[in-house]
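Each chain, letter by letter, is given below.
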Amino acid sequence: MECLGASIRHDVPFDSAVPGGQHGGSPVTRTPRWIVSLAVLAGLSAGAARAQAPATGQAKTLELQNEVVCRVNTDVISKRDIEDRMGPIFWKLSEYRYQYQERGMWTEERQKEWDEEYFKHFREQLRKAIREKLILQEARLQAQDEKLQVDRAQFVKRRDMWIEGLKKDGIFGQPGYTLNELEAQLKEQMLIEQFRNSLVTMLDLPSRPQVEKYYHDNLAQYQRKAAVKIRRLKIARIVESSLGVKTVRNEAHKLAEDLRQRLAAYNEDFRELVLDFSDDDEETKKRGGLMMGADGDEFIDPESNPLLQDALRGMDTKFPSNISRVLDMEGCWVLLQLVERRAAGAMPLDGKLYQKIYDSLAERLRQDAEDDWFRKVVRRSLILRIQDGKETNIPLAFFFPDEDLPDEPSVEPGKKTEAPAGGSAKK
């Protein structure tokens, strides 16, 4: 697997493997029928799956690209559905195989590695697809009873944003991206979201004492390095006219030194000089030259930039030692003002961190509630694999791969399902 994994990541980059980018196609060979065999659904080995191929070694190819592989009560899931969910990894796998087959270098060992990688991702996405089908079926029933409703204003807002993005990509209106298809998909998505949220009531959500307890119990997670808050003023050595003509500014260094003299000698307002003289971007100038960390924090780690770290040695927040010497940084002459130093230690449980912990705990509660619901509904639902036109139950062990469960079907053969039958089967 290491060989295949390395080839997928480095040998054939995804961008080059899929002409046209995200929505492009890729020249691929047809996929063997054994890919959707019981081995994929029940988690058997790749070797057992390949044993179902013809003895000649020539894999039996699919006649239908949208072959149905699973039935969930009254809804069906196709092979294409799962491969779409696999996303970039499917296209990388397909292109990897195509490239080596074209070169005549497709060996049994490569096939074995390919099978294992494909099956791993196929099984993972199939489990998620089945779960979403069951959730959607229940959500549809609750929508019919008006227990769940899609907020029209939110629906229109999200739909219009989606359409705007697809128009920029030039694919809105194409098959799979028509208005009716997008609205149907968005409605399903919002119903699924509402159902998941409905599994947890307001009384179940984390309280402030619970958030605070989690914070104190996990304080080691919330330590931060020493950091500084600094402002900068940039004087560009090369300036560009409105016509795009670039010229060298001969007096750039002298201007920077003159500004430093004004700041160090007369304690002029650094922010005012930034607005008047800095060649920085407009957003930084509006902040008075205040630099921002990658996460949007006003405090930055000086160790992330050796030049910055060196420049701050000997500086403090008191005038005039809060002003740096003229620095050569990023092709500009730069002045820095040290506004504040923050010692290393625990992050305070402020609004931002509190919300982060709250959201994490709330999501865990929702996931636990959904898992409990899924365990119950999967046992009373009719979930069938489809192979060569025959339907058989998928074992419960398939849905809980990390647990030691008996290889029993999700529903006993012949037993009538009590699961919701919302939705219609796609052919």
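Notes on the structure in this doc start here. (Residues numbered from 1 in each chain as written. Predicted model: local features only at pLDDT ≥ 70, side-chain atom pairs only at ≥ 80, totals over all residues. Heavy atoms only, no water.)

### A few points about the overall build of the chain
Here is step 1: Broken down by element type, the chain carries 15 helices and 11 strands.
Here is step 2: Buried positions account for 39% of the 427 residues belonging to the chain.
Here is step 3: Counting contacts in the chain only where the partners sit at least 6 residues apart, residues at least 24 apart contribute 70% of the total.
Here is step 4: Surface accessibility of the chain: about 24600 Å² in total, with carbon and sulfur atoms responsible for 49%. (Helix = DSSP H or I, 4+ residues; strand = E, 2+ residues; numbered from the N terminus. Buried < 20%, exposed > 50% of the residue type's maximum accessible area, 1.4 Å probe, protein only. Contact = heavy atoms within 4.5 Å. Areas by Shrake-Rupley, 256 points an atom, 1.4 Å probe, with all protein chains shown as cover.)

### Describing the packing of helix α10 (residues 208-217) against helix α15 (residues 351-379)
Here is step 1: Where α10 meets α15, the axes come as close as 10 Å, and the angle between the chain directions of the two elements is 100°. With respect to α15, the element α10 is oriented roughly perpendicular. Mapping the contact onto sequence places Arg208, Gln210, Val211, Tyr214 and Tyr215 in α10 and Leu353, Tyr354, Ile357, Tyr358, Leu361 and Arg364 in α15.
Here is step 2: Counted by class, the contact of α10 with α15 contains eight nonpolar, one polar and two charged residues. (Axes fitted to C-alpha atoms, helices over the stretch in contact; angles between N-to-C directions. Parallel < 35°, antiparallel > 145°, perpendicular 65-115°, else oblique. Nonpolar A, V, L, I, M, F, W, Y, C, P; charged D, E, K, R; others polar.)

### With respect to the sheet that holds strand β10 (residues 383-387)
Here is step 1: One open sheet holds the four strands; their spatial order is β2-β1-β10-β11, and the pairing between them is antiparallel. The sheet is open, and its two edges are formed by β2 (75-78) and β11 (390-393), each paired on a single side. Averaged over all pairs of adjacent strands, the angle between their axes in this sheet comes to 30°, without regard to strand direction.
Here is step 2: The strands that helix α7 (residues 108-144) touches are β1 (68-72), β2 and β10; relative to β2, the one it contacts most, it runs at about 155°. (Pairing = 2+ DSSP bridges.)

### Notes on the nonpolar core
Here is step 1: The biggest cluster of nonpolar side chains holds 37 residues, and the ones touching the most others in it are Cys70, Ile130, Ile383 and Phe399.
Here is step 2: Of all hydrophobic cores here, the second largest spans 15 residues; its members include Ile230, Ile300, Met315 and Met329. (Core = buried A, V, L, I, M, F, W, Y, C linked by side-chain atoms within 4.5 Å.)

### Some details on the environment of Arg325
Here is step 1: Tracing the chain through its elements places Arg325 in the loop between α14 (306-312) and β7 (327-329).
Here is step 2: Sequence separation of Arg325 and Gln261 is 64 residues, and the distance between their C-alpha atoms is 9.8 Å.
Here is step 3: Other than its neighbours up to four places away in sequence, Arg325 contacts Arg260, Asp310, Ala311, Val334 and Leu335.
Here is step 4: At 3.2 Å, the side chain of Arg325 forms a polar contact with the side chain of Asp310. (Polar contact = N/O pair within 3.5 Å; in protein donor to acceptor, adjacent residues only side chain to side chain.)

### Observations regarding the packing of aromatic side chains
Here is step 1: Evaluation of the coordinates by the stated rule reveals 11 aromatic pairs.
Here is step 2: An angle of 50° between the planes, with centres 4.8 Å apart, marks the rings of Tyr96 and Tyr100 as tilted. Of this pair, Tyr96 and Tyr100 both sit in helix α6 (residues 88-102), separated by four residues, roughly a single helical turn.
Here is step 3: A ring pair is formed by Trp114 and Tyr118, whose centres lie 5.1 Å apart and whose planes are at 15°; its orientation type is stacked. With Trp114 and Tyr118 both in helix α7, this residue pair falls four residues apart, about one helical turn. One exposure class covers both Trp114 and Tyr118, and it is buried.
Here is step 4: Ring pairs connect the aromatic residues Trp114, Tyr118, Phe119 and Phe122, which therefore count as one cluster. (Phe/Tyr/Trp six-rings, centres within 6.5 Å; stacked < 30°, edge-to-face > 60°.)

### Regarding helix α11 (residues 252-266)
Here is step 1: Given a rise of 1.5 Å per residue, 15 residues ought to cover 21 Å, and the 21 Å separating the end C-alpha atoms of α11 matches this to within 8%.
Here is step 2: Looking only at α11, the buried set comprises Ala252, Ala256, Leu259, Leu263 and Ala264. Projected down its long axis, α11 carries its buried residues within an arc of 125°, all on one side.
Here is step 3: As for α11, its buried residues are in contact with β4 (227-236), α12 (270-277) and β8 (332-342). (Expected span 1.5 Å × (residues − 1). Arc of directions from axis to C-beta.)

### Examining unusual backbone geometry
Here is step 1: Cis geometry is adopted by the peptide bond preceding Pro320, which originates at Phe319 and carries an omega value of 5°.
Here is step 2: Structurally, Pro320 is set in the loop between α14 and β7.
Here is step 3: Although it is not a glycine, Asn73 sits at a positive phi angle of roughly 55°.
Here is step 4: Tracing the backbone shows Asn73 in the loop between β1 and β2.
Here is step 5: The class for Asn73 is buried, based on a relative accessible area of 9%.
Here is step 6: Even without being glycine, Asn267 reaches a positive phi, approximately 55°.
Here is step 7: Its location among the elements puts Asn267 in the loop between α11 and α12.

### Quick word on the pairing of β10
Here is step 1: The buried count for β10 comes to five of five residues, which makes it a mostly enclosed element.
Here is step 2: Neither face of β10 is left uncovered, since the one carrying Ile383, Arg385 and Gln387 and the one carrying Leu384 and Ile386 both have all their residues buried.
Here is step 3: The pairing of β1 with β10 spans three bridges and is classified as antiparallel. The partner of Arg71 across the bridge, within β10, is Leu384.
Here is step 4: Connecting β10 to the next strand, β11, in antiparallel fashion are two residues, including Asp388 with a positive phi near 55°.

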